[in-house]
Amino acid sequence: MVQTQDFIPSSYSQTSDSGQFTWSAPSNIALVKYWGKKANQIPANPSVSFTLSHCKTITTLAFEKKQNDGNFSFDLLFEGKPKEDFKPKIQKFLERVEPYLPFLKDYHFTIDTQNTFPHSSGIASSASGMAALAVNFMSLERLLNPEMTEEYFCQKASFLARLGSGSACRSVKGKVVVWGAHANTETSSDLFGVEFPKDIHPNFNNYQDTILLVDKGEKQVSSTVGHDLMHDHPFAEKRFAQAHQNLDKISEVLHNGNLEEFVKIVESEALTLHAMMMTSMPYFILMKPNTLEIINKIWKFRSETKIPVCFTLDAGANVHVLYPEQTKEQVLAFIESELAMHCQNNQYIVDQMGFGAELIAH
Ligand code: PMV
C-alpha cells in the first residue's frame, strides 16, 4: 500500500535553472460526497466523482533558481494581473507540500492562472486550481527526476492537490475517480484519487453535466468550516457508513448502467449533504428558493418524459443537472425553456465528463 512517506524524495539526479510549464486541470462533480475530514486532509468517508471537461483552470508555472534563503518566493497572477488576495492560500499550500517537494525554496515562481468558467460564478475553482498547480510542480519534479513513472507522477500530483483542497485530488485524472479508502474498491486510498477500477457502462459515455448558476455570490459557509462541523455532528457516524454503502451501490451501477438506480443514489447523496448542513450546529440552508424550483421541475420532467435526468448539489445553491448524452437535445431544450429563468442572468454552463489534467505547453 502506498504511504505518505513514499512521496518524500530522497535525492534528485538532475538540476534545472529555469523554465515553465502550462497545465490545465478540470473541475469535478461528486456523486458520492466527501463531507467531513480528519487531520492532514484525510477524508472521513470515501467519495466518487465525474471529472468535467470544459470547466477548467489553466495555470502556467515559471521557475527560476534563486538562493535558498529559507523563504518561499512567488508572484501570483490571475488572468495576467497580480492578485494579492490569492497569495495566502498559495503560501499555505507551499508550506504543506514542502516536505514532499524539498526544492521549493530553491526557486522563485511566477504562477499565472485563469479559469474557463466565469469569475465568481459560484463554481468552486479550488479543485481545478489546486490540481493545476500540483501537476505543474510535478512537471518540475520530473525534470529533476526523469526516471519517475507515470503512475507516480499522477498519484503524487493527486496527493499534493489533496493537501491544497481535498476534492482537488479527484481532478488529476478522468473520467470517474474514487478518493478515500473503500473496502470494495481495490487500489483506493485516503491519500490520493484513483481511476474507477471497473469497466464503465456505455450509458455513462460523455455523461452530461449542465451547471445552473443559481447564486453566484460568495459562499455562505467555507468548506473548511463545513467539514469541521461534521466533528460533533449527531449523525456523522451514520453518514460516513452510508457513504461507504452508497459507493458500493454506485460502483455496481457505473458498471451495469442502471440509470434508475443512478438517479436515486445521486439525488439522495446531494440531499444528504445538505441535510448534514441543516442539522449541524450552527446550521445552514445553502439552497435558495430557485434551487428548489429547479429540483421540482426536474422531478416533474423526469416523471413525464421518463428521461433519467437528475440533479446534484455541492455546498451551495447551484444545481448540476446530470443526464445521458443521447438525451442532450431534449434536456437542453427543457433547461433553456424551464430552468434558465431560475438562474442568475439566465446563466448556465454546459459541460460533460472529461479526461483530467492536460499538459498544454512546456
Ligand atoms: O474540497 P473541499 O474541501 O472544498 O470540499 C468539497 C466538498 C463537496 O464539494 C461539497 C463535496 C465533494 O465531494 O466534492
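Residues numbered from 1 in each chain as written. Predicted model: local features only at pLDDT ≥ 70, side-chain atom pairs only at ≥ 80, totals over all residues. Heavy atoms only, no water.

A.B. asks: An account of the sheet that holds strand 10 (residues 208-212) is requested, with residue identities and associated values reported.
C.D. replies: Pairing in this open sheet of four strands is antiparallel, and the strands run 11-12-10-13 from one edge to the other. At either end of the open sheet lies a strand with only one pairing partner, and these are strand 11 (310-313) and strand 13 (348-352). When the angles between neighbouring strand axes are averaged without regard to direction, this sheet yields 25°. Pairing between strand 10 and strand 12 (residues 319-323): five bridges, direction antiparallel. When the sheet's bridge partners are listed, Leu212 is paired in strand 12 with Val319. (Pairing = 2+ DSSP bridges. Helix = DSSP H or I, 4+ residues; strand = E, 2+ residues; numbered from the N terminus. Axes fitted to C-alpha atoms, helices over the stretch in contact; angles between N-to-C directions.)

A.B. asks: Hey, could you go over the domain arrangement of the protein for me, with residue numbers and the actual values?
C.D. replies: For the protein, the assigned domains read domain 1 (12-199 + 355-361) and domain 2 (207-352). Taking only C-alpha atoms into account, the centre of domain 1 sits 25 Å from that of domain 2. Of the residues lining the interface, 34 residues belong to domain 1; the matching set on domain 2 comes to 42 residues. Both sides of the domain 1 and domain 2 interface together cover about 3,300 Å² of buried area, and 67% of this is carbon and sulfur. When residues of domain 1 are sorted by the area they lose upon contact with domain 2, Leu31, Lys33 and Trp35 head the list and together hold 25% of the total. If you look at where domain 1 meets domain 2, you find one salt bridge. At the junction of domain 1 with domain 2, the criterion picks out 15 residue pairs in polar contact (both at pLDDT 80 or more). For the side of domain 1 that touches domain 2, the secondary-structure elements that each account for two or more residues are strand 1 (18-32), strand 4 (47-65) and strand 8 (176-179). (Domains from an automatic or database assignment. Contact = heavy atoms within 4.5 Å. Buried area = accessible area lost by both parts, 1.4 Å probe. Salt bridge = Lys/Arg side-chain N within 4 Å of Asp/Glu carboxyl O. Polar contact = N/O pair within 3.5 Å; in protein donor to acceptor, adjacent residues only side chain to side chain.)

A.B. asks: So what about the site of the ligand? Which residues, and what values?
C.D. replies: The local shell around the ligand holds 13 residues, among which Tyr34, Ser167, Arg170, Ser223 and His227 are the closest. In this structure, Tyr34 approaches the ligand through a main-chain N or O atom, which is 2.9 Å from an oxygen atom. Residue His227 places a side-chain N or O atom 3.0 Å away from an oxygen atom belonging to the ligand. With the chains in place, 92% of the 380 Å² that the ligand exposes on its own is no longer accessible. Across the shell around the ligand, the residue classes break down as five nonpolar, five polar and three charged. Looking at which domains feed residues into the shell around the ligand, each of domain 1 (12-199 + 355-361) and domain 2 (207-352) supplies at least three. (Near = heavy atom within 4 Å. Areas by Shrake-Rupley, 256 points an atom, 1.4 Å probe, with all protein chains shown as cover. Nonpolar A, V, L, I, M, F, W, Y, C, P; charged D, E, K, R; others polar.)

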